[in-house]
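Per-entry structural report
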Amino acid sequence: MSRVVRAFGVLAIPVLTVPVGMATADAATLPKPPTKTLPSALDIAPPYQAQRLCDPHAKPGVVAFAKLMTANYKLGSADGGITRNCNSGLTEHSEGRAWDWMLSVNKPNEKAVADAVTQWLSAPDAQGRPGAMARRFGIMYIIWNHKMWRAYDPARGWATYTGPVPHTDHVHFSFSWDGAYGHTSWWTGKALTKVDPGPASTPKPTTPPQPPSAVYSLLIQGATGPDVALAQKVIGTTADGVFGPKTTTALRAWQAAHGVKVTGQLDPATWAKMVALKLIPPRGATTPPKPTTPPPPAKPPTTTPSSPLAPYAKLTIAKGAKGAAVTALQKALGIAADGAFGPQTEAAVKAFQTRRNLPANGIVGPSTWAALMTTDGSAGPVSRGNPSPRMVTPYTALMATVLKAGSRGEAVKTLQRAVGGVAVDGGFGARTTTAVKAFQKSHHLPQTGVVDTKFWQALENRDYPLRAYYDTVIRVGSRGAAVTALQKALRITADGAFGPGTESAVKAMQGRAKIARTGVVAKVTWQALEAELRRR
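Since we're looking at a predicted model, the values are computed, not measured.

Summing up its helical and strand segments, the chain has 18 helices and 7 strands in all. Of all 536 residues assigned to the chain, the portion counted as buried reaches 50%. Summing over all exposed atoms, the chain offers an accessible surface of approximately 24300 Å²; the carbon and sulfur share of this is 57%.

In structure tokens:
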């Protein structure tokens, strides 16, 4: 730091970083980013603060940011895109601390501005502090054009975003509470050193409550309506239908007393417990049903030799093996079928075993053969006896590719896009090495700067954690590894059995993702759940 900066404790904002891939616009024609004198100290990075209140009033810091951007770049409007009603799923819009800047990737001038602004906000400053400008505005995360950047996890860079809304017609900015109220250094001239957790009490909801639906919906403090009143009767508080602080306190006590995770929310596990105790009727019933013994789950059909893998189901093969069993294995894994069990086959086996919660030892024995012959690892054979193909991702063909400083080509470009924060030029230079080491550190890998199979697998696991189940359809009554993976992702009890509690949690998640609340999990729901996982 220079003597001038030390003497006065201020610095100018960093120069605009031109975004990678902005081939359709001349950077010289873009307006320069807004500038002002700022303190040399940087605001504390915001944590992830998910929506928990119903308070859809535009917060002053968000309004000021929207006006600053639209005035500086002469694009979009600051008059909308901030608030959303409280029935729109989990979103900071419902607390007035998110803004959608309506810029389109299909309009070169708008895309150029969006690329430039998002890079300006997320880039390191002159002192190497990542996302410095975003922190000065209190921006928590940004989503734009299939990518997401997080101020609370900058090492991930611009990671792939595969939510149901691709964000190709707008840039989404979510703000911390400090950013929402304009408490950060851009507005105050003083670096923020302590995080504001947000309002301690819930404002009165200003939008209509969600009407009763086919299931008990996830309700949080601020909700109103008959379902709230129903739960209030159970937990022993005034049944006024208003989910306020007293209801939250009573609910927490009830959850603790009945062995339910204490969340202070009317979540799927709490509703399921109330139904199980016959304190409320299942949705759709008028009176609590008489207890009945549930029918035993249907036995999975026996795998027959019609499966190409059945003849090898009792064999054990590993690296170095050759022959028909290896060929069948490779076809099932969706890789080149040359009949030789080499490093690429071993890597594909380990990746498959990891996805199916099996010991990832690269050895194919009865349990791995069985998983390959089923749709979800335990539910029975794939229709027509064919093994479920491996879901292809941008990293599938690169598992055996080793990259290091000096490497060049399309594989390097794929790497650079995945780690983010570097130019996508196909050249593995010093900056790419630094980004690779940062990723390795954040994923507990040896910090070698060399990209190997474990690195590609870590990228795949990060960007496509549920990819193995995209073609698996599960619903009430399903059992097995796919159900367990679903339950873990939903953060509910993972017992591998898809019951009413799991169905309620699925419908709640589908509601948050704005997709059909069917309770059935197929590809769109798997992908929506993946997107939610990335936002946690």
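Once the structure has been displayed, the description carries forward.
Contact geometry for helix α8 (residues 245-257) and helix α9 (residues 268-276): axes closest at 11 Å, N-to-C directions at 65°. Of the two elements, α8 crosses α9, and the hand of that crossing is left-handed. Together, L251, W254 and Q255 of α8 and T270, K273 and M274 of α9 make up the contact between the two elements. Across the contact of α8 with α9, the residue classes tally to 3 nonpolar, 2 polar and 1 charged.

Of the positions making up α9, those classed as buried are P268, T270, W271 and M274. Buried residues in α9, looked at end-on, bunch into an arc of 165°, giving them a common side. Tucked into the core, α9 has its buried residues touching α7 (226-235), α8 and α17 (500-512). At the exit of α9 stands K278, carrying a positive phi of roughly 60°.

Further remarks concern the confidence of the model for the chain. Low-pLDDT portions of the prediction should not be read for the details of their coordinates. Averaged over every residue, the pLDDT of the chain is 79; the share at 70 or more is 79%. When the criterion is pLDDT under 50, residues 284-293 qualifies, and its contacts beyond four places in sequence or with other chains add up to 6 contacts. Segment residues 375-390: pLDDT under 50, and 49 contacts once partners within four positions in sequence are set aside and those in other chains are kept.

Rules behind the numbers
- Each residue is numbered by its place in its chain's sequence as written, counting from 1.
- Under the rules for a predicted model, residues below a pLDDT of 70 receive no local features and side-chain atom pairs below 80 are neither given nor counted, while totals for whole chains, interfaces and linings still include all residues.
- To obtain the side-chain values, all non-hydrogen atoms of the structure were included, while hydrogens and water were left out.
- Runs of E in the DSSP output that reach at least two residues are strands. Runs of H or I that reach at least four are helices, and both are numbered from the N terminus.
- Throughout this description, buried means an accessible area under 20% of the type-specific maximum (1.4 Å probe, protein chains only), exposed means over 50%, and partly exposed covers the range between.
- Computed with the Shrake-Rupley method and a 1.4 Å probe, the accessible areas treat only the protein chains shown as cover for residues.
- Only the stretch in contact is used when fitting a helix axis, every axis being a line fitted to C-alpha atoms; angles between N-to-C directions are given from 0 to 180 degrees.
- A clockwise turn of the near helix away from the far one marks a right-handed crossing, whereas an anticlockwise turn of less than a right angle marks a left-handed crossing.
- Contact criterion: two residues are considered in contact whenever any of their non-hydrogen atoms come within 4.5 Å of each other.
- Three classes are used, and their members are as follows: Ala, Val, Leu, Ile, Met, Phe, Trp, Tyr, Cys and Pro are nonpolar, Asp, Glu, Lys and Arg are charged, and the others, Gly among them, are polar.
- This arc is built from the directions going out from the helix axis to the C-beta atoms.
- Within a predicted model, pLDDT stands for the predictor's per-residue confidence, ranging from 0 to 100.

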